[in-house]
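# Results of the structural survey
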Amino acid sequence: MHGTSILEETDRLMTVCNSCRYCEGLCAVFPAMEMRRAFSDGDLNYLANLCHGCGACYPDCQFSPPHEFNVNVPKTLAIARNESYAAYAWPPALSGLFARNGVVISVIAAASVAAFIFGFAAVNDRAVLYGVNTGPGAFYKLMPHNALVALFGAAFLYAILALVMSVLAFWRDIGEPVGGRTDAGSIWQAIRDAGELRYLDGGGVGCFNEDDQPTDRRKIYHHLTFYGFLLCFAATCVATLYHYLLAREAPYPWWDLPVVLGTIGGIGLLIGPIGLLAAKFRRDPELSDQSSMGMDSAFILMLFLTSLTGLALLLLRDTAAMGLLLAIHIGVVFALFVTLPYGKFVHGIYRFVALVRYARERQMMAGGTE
Ligand code: SF4
Ligand code: SF4
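Note that this is a predicted model, so its numbers are computed, not measured.

What counts as what
- Positions within a chain are numbered from 1, following the residues in the order the chain's sequence is written.
- Chain A is the first chain written and ligand 1 is the first ligand written, with later ones labelled in order.
- At least 70 in pLDDT is required for a residue's local features to be given in this predicted model, at least 80 for side-chain atom pairs to be given and counted, and no such filter applies to totals for whole chains, interfaces and linings, which use all residues.
- Just so you know, side-chain values use all the structure's heavy atoms and leave hydrogens and water out.
- Residues are classed as near a molecule or strand on a simple rule: at least one heavy atom within 4 Å of it.
- Put simply, Ala, Val, Leu, Ile, Met, Phe, Trp, Tyr, Cys and Pro go in the nonpolar bin, Asp, Glu, Lys and Arg in the charged bin, and everything else, Gly too, in the polar bin.
- Here a patch means residues that are over 30% exposed by relative accessible area and free of salt bridges, tied together within 9 Å if like-charged and within 5 Å if nonpolar (Val, Leu, Ile, Met, Phe, Trp, Tyr).
- We get accessible surface area from the Shrake-Rupley algorithm with a probe of 1.4 Å; when it comes to residues, only the shown protein chains can shield them.
- The working definition used for a salt bridge is a side-chain nitrogen of Lys or Arg within 4 Å of a carboxyl oxygen of Asp or Glu.
- In this text, helices come from DSSP runs of H or I with a minimum length of four residues, and strands from runs of E with a minimum of two, each type numbered from the N-terminal end.
- The rule is simple: take the accessible area with a 1.4 Å probe, protein chains only, and divide by the maximum for that residue type; under 20% is buried, over 50% is exposed, in between is partly exposed.
- Lines fitted to the C-alpha atoms define the axes, with helices restricted to the stretch that makes contact. Angles between their N-to-C directions range from 0 to 180 degrees.
- Working rule for angles: under 35 degrees goes down as roughly parallel, over 145 as roughly antiparallel, 65 to 115 as roughly perpendicular, anything else as oblique.
- Throughout, a contact is declared for two residues whenever any of their heavy atoms are within 4.5 Å.
- Only the six-membered ring of Trp is used, alongside the rings of Phe and Tyr, when aromatic pairs are assigned; centres must lie within 6.5 Å, and planes under 30 degrees apart are stacked while those over 60 apart are edge-to-face, with the rest tilted.

So, about the site of ligand 2. The immediate surroundings of ligand 2 are formed by 13 residues, with Cys27, Cys51, Cys54, Gly55 and Cys57 found nearest. Taken together, the residues of the shell around ligand 2 sort by class into 10 nonpolar, 3 polar and no charged.

Structure (structure tokens):
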């Protein structure tokens, strides 16, 4: 007996697949499944998060609907995966945020932007808010650097704490002892697999989307989004080092490293999310969990808005629009930070952990040890 009906269904499908094994070359899920004869809740959540949702095992399956076995692995694992996010959420009292996630994130984002606009208007006189402020330190005339660091530092630390606690619960449940040593080789293999989205290629032919013609479209848009996000994060880190180590205050010139990294990353973070969103709405509904559309779309839109408002601020920072744009941009980024542990962002963390587990399992099998 499993904890939920979707885990019961996942167990049924994995039992059928374990007898069939036709799809074993498509991705990591089937080889990991074959290492087991029975499935605990943790095993099923592990397999669900190992699945990248490429869809290839649906058109390939001789038991997919209308066959009476009704085998739909991509959709079933997608639902189980989405339910696992709430199951491991920390603190558990906030697991409900994964339900109606699109609405929750929209409300938090709107409230955050409104709070920053109101705060800027309340604290600053109109000459500063609507005036033209340029050169080093211009942003901090609207909000002191220390206040910015305290607010975002607290939000970031909370997000890290919530994510670490959630991942520890997942790690414990999928069979890895918390605190147990995971070898560097497994972590490096997982970094490579995640970095190239190795298992989002349908066994080499590409992702299945709206028809039976697989493409690499989703993989390319995902790369643009992921690496765009990393570059923007790197831009923030470099700017922080500039501030504290070199005593150089933002905003920086166009040619300077934080701006170059942020601009390239921001462009990726505009194109990638638009492509992912378009692919999501065009995709065959039989391949995905339709109930998670709100959560998926909300996260993609938050990434898009982070980039759009950041680039708008960069373009118009020497004009009277800078004050309002700064409030909107940091309002969006703050909302993105505080909702990270309770939205689609977590899929990347759980999938990486599942890839580490998979690399470790393969290594143990090769070495003949448990
Ligand atoms: S998805 Fe279908 S074809 Fe593939 S292993 Fe499972 S039962 Fe076999
Ligand atoms: S949808 Fe793709 S990644 Fe998921 S189990 Fe099927 S083949 Fe593997």
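In this section: a nonpolar patch on the surface. Taken together, Tyr158, Ile160, Leu161, Val164, Met165 and Leu168 make up a surface patch of nonpolar side chains, about 450 Å² in accessible area. Note that Ile160 resides in helix H7 (residues 145–173).

This part covers the site of ligand 1. For ligand 1, the full set of nearby residues is Val16, Cys17, Cys20, Arg21, Tyr22, Cys23, Phe30, Cys57, Cys61, Gln62, Phe63 and Val73. Considering every element that reaches the shell around ligand 1, the biggest residue donor is helix H1 (residues 5–20), with 3 residues. For the shell around ligand 1, a count of residues per class yields 10 nonpolar, 1 polar and 1 charged.

Let's shift gears to the pattern of salt bridges. Scanning the model with the defined rule gives 11 salt bridges in all. Residue Lys280 pairs with Asp296 through a salt bridge whose shortest N-O separation is 3.1 Å. Remark: Asp296 occurs in helix H11 (residues 293–316) and Lys280 occurs in helix H10 (residues 257–282); sequence separation between them is 16 residues. Look at Lys280 and you get partly exposed, because its relative accessible area is 23%.

Axis angle and axis distance: for two packed helices, these are the angle between their axes and the distance between the axes, and together they describe the pair. The contact between H7 and helix H12 (residues 322–339) brings their axes to 8 Å, and the two run at 25 degrees. With respect to H12, the element H7 is oriented roughly parallel. Residues Leu148, Leu151, Phe152, Ala155, Phe156 and Ala159 of H7 pack against Ile330, Val333, Phe334, Phe337 and Val338 of H12. Looking at the contact of H7 with H12 residue by residue, the classes come out as 11 nonpolar, no polar and no charged.

Between two aromatic rings, the relevant description is the distance of the centres plus the angle of the planes. Counting across every chain of the model gives 18 aromatic pairs. Summarising the aromatic geometry, the rings of Tyr85 and Tyr350 are spaced 5.7 Å apart at their centres and angled 5 degrees between planes, so their arrangement reads as stacked. With Tyr85 in helix H4 (residues 73–87) and Tyr350 in helix H13 (residues 346–367), this residue pair connects regions lying 265 residues apart in the sequence. Their ring planes at 45 degrees and their centres at 6.1 Å tell us that Tyr88 and Tyr350 sit as a pair that is tilted.

Bringing unusual backbone geometry into the picture now. Residue Pro66 follows Pro65 across a cis peptide bond; omega there is 15 degrees. Cis geometry is found at the peptide bond from Trp90 to Pro91, where omega equals -10 degrees. Within the fold, Pro91 resides in the loop between H4 and helix H5 (101–123). Phi is positive for Asn70, which is not a glycine, with a value near 50 degrees. Secondary-structure assignment places Asn70 in the loop between helix H3 (41–50) and H4. Using a relative accessible area of 38% as the deciding quantity, one classes Asn70 as partly exposed. A positive phi angle is found at Ala247, which is not glycine, with a value near 55 degrees. Position of Ala247 relative to the elements: it lies in the loop between helix H9 (217–245) and H10. Residue class for Ala247 comes out exposed when judged on its relative accessible area of 64%.

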